[in-house]
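Listed here are the chains, written in short residue letters.
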Amino acid sequence: MNLHSSYPFWLAKNGLPFDYPKVEESTSADVVIMGGGISGALVAYHLINAGVNCMLIDARTIGLGSTCASTSLLQYEIDTPLCELIDKAGLKNAVRAYQLCAEAIDKLGKIAKKIKFTDFEFNQSLYYAAFKKDLFFLKEEFNARKENGFDVDFLDKRVLKKQFSIDAPGAILSAAGAQTNAYSFTHALLQYAKTKGVKVFDRTPIIHIEHHKNNVALTVENGCSIKAKKLVYATGYEAVKFIDEKIVALHCTFACASEQANEKQKFWTDDVLIWNTADPYLYMRSTKDKRILIGGRDEEFYSPAKRDALLPGKIKQLVNDFNKVFPHIAFKPEFSWAGTFGATKDGLPFIGNYKKLSNSLFALGFGGNGITFSLIAAEILTGNITGRKNNDENIFLFERI
Ligand SMILES: Cc1cc2nc3c(=O)[nH]c(=O)nc-3n(C[C@H](O)[C@H](O)[C@H](O)COP(=O)(O)OP(=O)(O)OC[C@H]3O[C@@H](n4cnc5c(N)ncnc54)[C@H](O)[C@@H]3O)c2cc1C
């Protein structure tokens, strides 16, 4: 599957910071991680820290799946609002899923610090009503979050205008949030994991997989075979081909990075992460090198060619959307790209064993906040592999379909 158009910003900005070899000989490991995006990298980081012998293999060059296309906002507020998730998953699971995402942001920050990865910044998150008719929903969502202990404030039209210069009917301001660069973060995690003993390979598609009762046998493109006790599928949206049931609806999404502003230019208050209640939603953030990233205008996914053909028109619309929110901030597009992403029915990821494939463990952080899900998956799967029960794993199982 072609996961994005040619030049996502991070790829242009960071290039290929590290090289990894191909698999050239048959081998074995206790755990093979298939996929070297942010999910696979976080799984590798957690497994090696837990003392598990593992290797990671990617079909592409490391990070060149969805990860390099990610705008990398880290939000605890997932695509399904809490007040709706409560109906879908029940109060306990819904609140716990939101809490886990909030905790994931802190944990990602701590990991970044530990491995000395500097492109990570905590920010508040602002969720504003795109239309007057959304105000009732927004208040309901605010109440659901407040009642369940999340650190949120409601800003009415006047306060929103005064504090953030945004002319909208109201907003929820959340304390939890962060922004990063998932592509560089992936490389930094894998560099760390390598020093601890993880073998990392790329440009090595796994083309045949046999799931046996006690192990998994893999064959890669050049014919080498690999044996493992467990196989972690960290294959992003390409996982759909391994699962019989329809677990995800694919969409295409569009993003744009502005030209750099001068160092002294202020964008908006505290550079909070911003998104809104429109469907599809508009979102924006700033970057460390003084750009603005905007994204949204999602469509149903038909084919990479159709997705990429839509790009120029979508970027015009996104820039127009941005100008309506911040008419006083200049936005000159420099990098634009399209990507494919998937949404599950309840907005939650799929994490854990897929019963039809013995010794399989999936880390599928689908949705607009896939990166926080990747962290949750890495923790749950590491617990699974090392025999530590995780009380939250039931929330994300395949069995809920
Ligand atoms: C435009 C865009 C913006 C986004 N913005 C955000 C955001 O702001 N915040 C957020 O949290 N999320 C965001 N996301 C989602 C986020 O990018 C994804 O959730 C995340 O990158 C998924 O990482 P992954 O490692 O699971 O998948 P990927 O990065 O796709 O990695 C999977 C890897 O598996 C490999 N693979 C597949 N099959 C095989 C095989 N047979 N053999 C070997 N390797 C294989 C692939 O080559 C690939 O590199 C965005 C996505 C897009 C497209």
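Since the structure is predicted, the reported quantities are computational estimates derived from the model, not experimental observations. (Residues numbered from 1 in each chain as written. Predicted model: local features only at pLDDT ≥ 70, side-chain atom pairs only at ≥ 80, totals over all residues.)

Our focus in this paragraph is the overall build of the protein. Counting secondary structure elements, the protein contains nine helices and 19 strands. Relative to the globule expectation of 21 Å for 401 residues, the C-alpha radius of gyration of the protein, 21 Å, shows essentially globular dimensions. Oriented by its inertia axes, the alpha-carbon framework of the protein measures out at about 65 × 45 × 40 Å. A buried classification covers 51% of the 401 residues belonging to the protein. Considering only intrachain contacts with a sequence separation of at least 6, the fraction spanning at least 24 residues in the protein is 74%. (Helix = DSSP H or I, 4+ residues; strand = E, 2+ residues; numbered from the N terminus. Rg over C-alpha atoms; globule rule 2.2 N^0.38 Å. Buried ≥ 20, exposed ≤ 12 C-beta atoms within 10 Å, placed from the backbone. Contact = placed C-beta atoms within 7 Å.)

What follows covers the sheet that holds strand β5 (residues 125-128). Strand order in this open sheet of eight strands is β6-β7-β5-β14-β15-β16-β13-β17, and the pairing throughout is mixed. Whereas interior strands pair on both sides, the edge strands pair on one side only; in this sheet they are β6 (152-156) and β17 (333-343). Going from strand to strand, the sheet's axes swing by 20 degrees on average, the running direction of each strand aside. Pairing analysis gives six bridges linking strand β13 (residues 249-258) to strand β16 (residues 292-300), with the strands arranged antiparallel. Bridge assignment links His 251 to a residue of β16, and that residue is Glu 300. Packing against the sheet, helix α6 (residues 157-164) makes contact with β5, β6 and β7 (170-174), and its axis sits at approximately 100 degrees to β6. On top of the sheet, helix α8 (residues 304-325) reaches β13, β15 (283-286), β16 and β17; it is set at about 110 degrees to β17, its chief contact. (Pairing = 2+ DSSP bridges. Axes fitted to C-alpha atoms, helices over the stretch in contact; angles between N-to-C directions.)

Around the ligand, the surrounding shell holds 41 residues, and the nearest of these are Gly 37, Gly 65, Gly 236, Gly 339 and Gly 370. Secondary structure elements with two or more residues in the shell around the ligand: α2 (38-49), β13, β17 and α9 (370-386). Among the elements that take part in the shell around the ligand, α9 stands out by supplying four residues, more than any other. For the shell around the ligand, a count of residues per class yields 15 nonpolar, 23 polar and three charged. (Near = placed C-beta within 6 Å. Nonpolar A, V, L, I, M, F, W, Y, C, P; charged D, E, K, R; others polar.)

Let's shift gears to the sheet that holds strand β3 (residues 73-74). Spatial ordering of the open sheet is given by β3-β8-β4, a layout of three strands whose pairing is antiparallel. Every interior strand has two partners, whereas the edge strands, β3 and β4 (120-122), have only one. As paired elements, β4 and strand β8 (residues 178-180) share three bridges and run antiparallel to each other. Paired with Phe 122 across the bridge in β8 is Ala 178.

Split into domains, the protein comes out as domain 1 (9-70 + 183-247 + 347-400), domain 2 (125-175) and domain 3 (249-343). Between domain 1 and domain 3, the C-alpha centre-to-centre distance is 28 Å. Taken together, the residues of the side of domain 1 that touches domain 3 break down into five nonpolar, four polar and no charged. (Domains from an automatic or database assignment.)

With respect to the helices, strands and loops of the structure, His 187 is situated in helix α7 (residues 182-195). What makes His 187 buried here is the crowd of 22 C-beta atoms within 10 Å. Residues His 187 and Ile 38, 149 residues apart in the sequence, show an inter-C-alpha distance of 8.6 Å. Setting aside residues no more than four positions away along its own chain, His 187 makes contact with Pro 17, Phe 18, Ile 62 and Gly 63.

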